[in-house]
Amino acid sequence: MDFPIFHIDFIGNRMLIAVDAILHVIINHALAVGALPIIVLLELIGIRSKDLRWDNLAYRLLKIIFIITTTVGALTGVGIWFSASLINPAAIGSLIRVFFWGWFTEWVVFVTEVSLIMAYFLRWHSASKSPEAKLKHLRLGIFLAAFSWITMAIIVAILGFMMDPGNWMTKRTLLSGLFNPMYFPQLGLRTTLAMVMGSMTMICLTYLFTRHDLAFRAMVLRTISTWSSAWLAGLIIASIWYYQVIPQHMLANIPVAFATQEYASWNGRLKLILIVGLLYVSRVLWLSVKNPGKVHGAKYLVSVLLLFAMLGQFERVREFIRKPFIIGQYMYANGIRVEDYPLLQRDGILQHATYASIREITADNQVSAGREVFEQACTRCHTVNGVNSIRGQLKNMYGEKPWQSEAIAAYVENMHGARYFMPPFPGNKAELDALSVYLSSLQKRAAAFNGAQTNGIPKPDKISASTFYGTLPNLANTHGDLQ
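Residues numbered from 1 in each chain as written. Predicted model: local features only at pLDDT ≥ 70, side-chain atom pairs only at ≥ 80, totals over all residues. Heavy atoms only, no water.

Novice: Run through the nonpolar core, naming residues and quoting values.
Specialist: Within the largest apolar cluster, 102 residues are counted, with the highest numbers of intra-cluster contacts made by Ile39, Met202, Phe374 and Leu439. Beyond its immediate stretch of four places on either side in the chain, Ile39 contacts Ala58, Leu61, Leu62, Ile65, Tyr120, Trp124 and Met202. Counting residues in hydrophobic clusters, the runner-up holds 24 residues, among them Phe99, Trp103, Val156 and Met331. (Core = buried A, V, L, I, M, F, W, Y, C linked by side-chain atoms within 4.5 Å. Buried < 20%, exposed > 50% of the residue type's maximum accessible area, 1.4 Å probe, protein only. Contact = heavy atoms within 4.5 Å.)

Novice: Describe the pattern of salt bridges, and please don't skip the residues or the numbers.
Specialist: Tallying each qualifying case throughout the model produces 12 salt bridges. In this structure, Arg53 and Asp213 form a salt bridge, with 2.8 Å as the shortest nitrogen-oxygen distance. With Arg53 in helix H3 (residues 52–87) and Asp213 in the loop between helix H9 (183–209) and helix H10 (214–245), this residue pair connects regions lying 160 residues apart in the sequence. With relative accessibility at 34%, the residue Arg53 sits in the partly exposed group. Of the residues examined, Asp213 reaches a relative accessible area of 25% and is grouped as partly exposed. (Salt bridge = Lys/Arg side-chain N within 4 Å of Asp/Glu carboxyl O. Helix = DSSP H or I, 4+ residues; strand = E, 2+ residues; numbered from the N terminus.)

Novice: Run through the packing of H3 against H9, naming residues and quoting values.
Specialist: In the contact formed by H3 and H9, the axes pass within 11 Å of each other and the chain directions differ by 125 degrees. Between H3 and H9, the interaxial angle falls into the category oblique. By crossing handedness, the relation of H3 to H9 is classed as right-handed. Two secondary-structure elements touch here, H3 through Leu57, Arg60, Leu61, Ile64 and Ile65 and H9 through Met202, Leu205, Thr206 and Phe209. Here the contact of H3 with H9 is built from residues that sort into seven nonpolar, one polar and one charged. (Axes fitted to C-alpha atoms, helices over the stretch in contact; angles between N-to-C directions. Parallel < 35°, antiparallel > 145°, perpendicular 65-115°, else oblique. Left-handed = near helix turned anticlockwise from the far one by under 90°. Nonpolar A, V, L, I, M, F, W, Y, C, P; charged D, E, K, R; others polar.)

Novice: How would you explain the side chain of Arg217 if you had to name every residue and give the values?
Specialist: With respect to the helices and strands, Arg217 occurs in helix H10. Asp213 is the oppositely charged side chain nearest to the buried, salt-bridge-free Arg217, at an N-O distance of 8.6 Å. Within the structure, the side chain of Arg217 is placed 3.3 Å from the side chain of Thr210, a separation counted as a polar contact. Residue contacts for Arg217: discarding those within four places in its chain leaves Tyr207, Thr210 and Arg211. (Lys, Arg positive; Asp, Glu negative; His and termini not counted. Polar contact = N/O pair within 3.5 Å; in protein donor to acceptor, adjacent residues only side chain to side chain.)

Novice: Any chance you could break down helix H5 (residues 100–122) for me, citing the residues and the numbers?
Specialist: When the terminal C-alpha atoms of H5 are compared, their 33 Å separation across 23 residues agrees well with the 33 Å that a helix rising 1.5 Å per residue should span. Three or more residues of H5 are buried, namely Gly102, Trp103, Glu106, Val109, Glu113, Leu116, Ile117, Tyr120 and Phe121. Check the buried side of H5 and you find it contacts helix H1 (12–33), helix H2 (36–49), H3, helix H4 (89–98), helix H6 (131–163) and helix H8 (174–178). (Expected span 1.5 Å × (residues − 1).)

Dropping the structure here:
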């Protein structure tokens, strides 16, 4: 509630960040974390065997990694910050306050990682002039792989915290936030998955780059496939470990998270598809270890696509099952802290919103006030006409019958009990009625819903002037003057 509400109705806030974040995570896990150890391994084999083919192949693979991670990877990483800050500034603000030094460390590690990959790639040919220079270059690659993993390890701590803050709820220290109950299981899962994804991606590219030297191709594919098989065994163990630490209330959200509320009954079939997909990847790797020259490249490509799809689905499910919270037990998905709810439900969210053009609800402004309540309480997840549209939800519930505001109010008031992943309504009774009137009006007239980037910012008043970042305004300082 500290910043104006940004909203793009046709795509919605959730989809906006999901597209960017999933693309970034795929690049990070498959290339930055999972593939760089393969490059170092191939370079090491080339040094020991004095076979330049290993060194040349490692350089060609690194070139792909360098280009993608320093362009699309870097841009999507910044994009996550940019979109998350626009969509839920309250949540990002809280995370920065908790993890300031953790994020500062991650920034230093990231800058070091970027410097290392530039040095590792650009000095490849000059390092081939002497054995000593080549060994120094190999150490550079080892440091690069380590720093890439450390970057992920720090971010995983924050992601785990958002699911289950653990002892931080009482201790409120950086260390209690970093070493939350989800941290090590999720780090184990992401590390093993990244190694399998990275090695399988390198297998695909190797198959493409070695089509004129089949004997060498078989040697390389067997080497990388053996490496990947070992990590795949670790991935299965880490997946079981991670599943066991997920809180029970989050497990209850999985059927909806896997598909959608409409297709929640498909949960079992989708889990079966994931298991079959993992078995397919396992079989391809086993065949590749036994007879690397006999496996068709299409099977490697299908395996890579399956792993990418699994990671994308994992991120989608992880984001959903923590609902109704965006930070477990601390802040709801609408950006409102749990501890602020009693105050807001007594006074109303419009009374405490920094940016609101309506403070008092009357019979004449119910629809407009309801729209502002919708903007404050609902637009982090819902649109009016776009992805996850509220009109679509209401149409599924009430069909073509007139949408009665009384029925909508009764539903919204109790929806948290019926659907745990929905946050409780944060406002007071007048705001609930105004929201319901606004929602019922959408059946006949659904004007485009624009955020502050289009509508601008409401004129500041005494309430907004008494607001400090991270706190709710003190109404006593307004002296009753709301204009």
